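Coordinate inspection notes
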Amino acid sequence: SKTKNMKKILFLILVTTLLISINAEAKIWRVNNTAGVTADATSLTILFDGINNLPSNPEAANGDTIHVEPSATQYNFPTINKQVVIIGNGYFLGGAGSNPGLQEKTGTSKIGGFRFASGSAGTRILGIQITANSDFASGYFGVVNITFEKCLITASPLSMVTTNSYTGISFRKCFITSSFSLSPASLNDFVMENCIMDVASGSTAITPTTGSNIVIRNNVFRTLNGFIDFNFSEAYVANNLVLTSRSHTYVNCNIKNNIFSFNQTGVTTGPLSVNGNNLVGQSVASVIVNSGTTDGKFQLAAGSPAIGGGVDISGFKPDCGAFGSSDLYKLSGIPGVPSIYSLTVPASVPLGSPTMNVTFSTRNNN
């Protein structure tokens, strides 16, 4: 009827207006501390200092997205007190061991760690090089819901107060070069998936007093002189490549379809065609290519036992390691947003010409 159709039209108009209103409230910020570059802010700290005095002292709001542009100068340690998305340029984009052709700007967005405070729950950090330890503000714990994704982490990833409880922390598709220890009173809904941890030496311990819903899946762990110590309550440890020279400690863990370079005690061994088995005593060269770019060398070698070696999911067996699963590691931590990977600009405009030709190439990285 006309009445019903009119109601439907009015409803669609109302929904559309509401979505436009919501989208209009969220802002995309440009942060750049390079001299001579015009941006919304020169530091992240300005966006969270509680002063809303545009444009000289802007303030971020819940739902905003912040693009931290690459710079030769590291950005200061910010205290995050809003639910935001912070996006950088990625890493390993230029120089030795890099993946060429992924970004026209080959610099990184370096930040000296983050402090998460009340109001930051739901924040996501993507494509950032984190050079110093991140932590939580005094008195902030419980349900924190913080995600690090596609980040290069060169310092201890996150400090926790040993007497507190933390829920909702994720490390996804990150490249980590520092050992660390997470030992709070309680750790819940903790996820480390599709990460590469390449540490020269030292030990890594994730040892909460109690824990639940802890998932360590499809990672690569490599240390030359140290070891990785997992000590969880009811942790699910699956599809990982543990390429270290030591045996490890697993307490109350469900350990399935992992590949170890060193013989392990307390794990079920056997062919990975059977869910729950693990392979031990595998050489690094037989598992990964172990040559090429800094992160590309962790891709699987031809004939690797990790190919199709993961836990069976509805008849499909994913690869083990960071490049396995449906949400695999992305070379150089390229964020899932459109990027310009090639740009050609003339050095000058021809005399008498009102225009110049600029050529650029872009891709969608979703």
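Residues numbered from 1 in each chain as written. Predicted model: local features only at pLDDT ≥ 70, side-chain atom pairs only at ≥ 80, totals over all residues. Heavy atoms only, no water.

Let us now look at the overall build of the chain. Check the secondary structure of the chain and you find two helices and 27 strands. Across the 366 residues of the chain, 46% fall into the buried class. Carbon and sulfur atoms make up 55% of the accessible area of the chain, which totals about 16,800 Å². (Helix = DSSP H or I, 4+ residues; strand = E, 2+ residues; numbered from the N terminus. Buried < 20%, exposed > 50% of the residue type's maximum accessible area, 1.4 Å probe, protein only. Areas by Shrake-Rupley, 256 points an atom, 1.4 Å probe, with all protein chains shown as cover.)

Another aspect to go through is the nonpolar core. Core analysis: the biggest nonpolar cluster contains 55 residues, and Ile 66 and Phe 114 have the highest contact counts within it. Leu 152, Phe 175, Leu 243 and Ala 306 belong to the second-largest nonpolar core, a separate cluster that totals 20 residues. (Core = buried A, V, L, I, M, F, W, Y, C linked by side-chain atoms within 4.5 Å.)

The subject of this paragraph is the layout of surface pockets. In this structure, the second largest pocket spans a volume of roughly 180 Å³. Lining the second largest pocket are 14 residues, and of these Arg 217, Asn 218, Asn 239, Ile 313 and Ser 325 lie nearest its centre. (1 Å grid on protein atoms, 1.4 Å probe; cavity = no way out; pocket = protein on both sides within 12 Å on 5 of 7 lines; lining within 4 Å. Points joined across faces, edges and corners; volume = space filled by probe spheres on them.)

Enumeration over the complete set of coordinates arrives at 12 aromatic pairs. Between Phe 136 and Tyr 140, the aromatic rings sit 6.2 Å apart at their centres with planes inclined by 55°, giving tilted as the arrangement. The exposure classification of Phe 136 matches that of Tyr 140, with both residues buried. Where Tyr 250 meets Phe 260, the ring centres are 6.3 Å apart and the plane angle is 75°; that geometry is what we call edge-to-face. Of this pair, Tyr 250 sits in the loop between β23 (241–243) and β24 (253–256) while Phe 260 sits in strand β25 (residues 259–260), and the two are 10 residues apart along the sequence. This pair shows no difference in class: Tyr 250 is buried, exactly as Phe 260 is. Counting every residue linked through ring pairs, the aromatic cluster contains Phe 114, Phe 116, Phe 136, Tyr 140, Phe 148, Tyr 166, Phe 171 and Phe 190. (Phe/Tyr/Trp six-rings, centres within 6.5 Å; stacked < 30°, edge-to-face > 60°.)

Counting across every chain of the model gives zero disulfides. Between Cys 151, a cysteine without a disulfide, and Cys 174, which holds the nearest cysteine sulfur, the sulfur-to-sulfur distance is 4.8 Å. Free cysteine: Cys 174, not disulfide-bonded; nearest cysteine sulfur from Cys 195 at 4.7 Å. Owing to a relative accessible area of 0%, Cys 174 belongs among the buried residues under this scheme. (Disulfide = S-S within 2.5 Å.)

Let's shift gears to the sheet that holds strand β6 (residues 115–116). An order of β3-β6-β9 is seen for the three strands of this open sheet, with the pairing classed as parallel. The open sheet has two edge strands with one neighbour each: β3 (79–80) and β9 (135–136). (Pairing = 2+ DSSP bridges.)

As a further point, take the environment of Phe 171. Mapped onto the elements, Phe 171 comes out in strand β12 (residues 165–172). In this structure the C-alpha to C-alpha distance between Phe 171 and Phe 190, which are 19 residues apart in sequence, comes to 8.4 Å.

On to the sheet that holds strand β11 (residues 152–153). With parallel pairing, the eight strands of this open sheet are ordered in space as β5-β8-β11-β13-β16-β20-β23-β25. A single partner strand is all that each edge strand has here, and the edge strands are β5 (110–111) and β25. Relative to β25, β23 runs parallel, the two being bridged by two bridges. Its bridge partner lying in β25, Leu 241 is registered against Ile 259.

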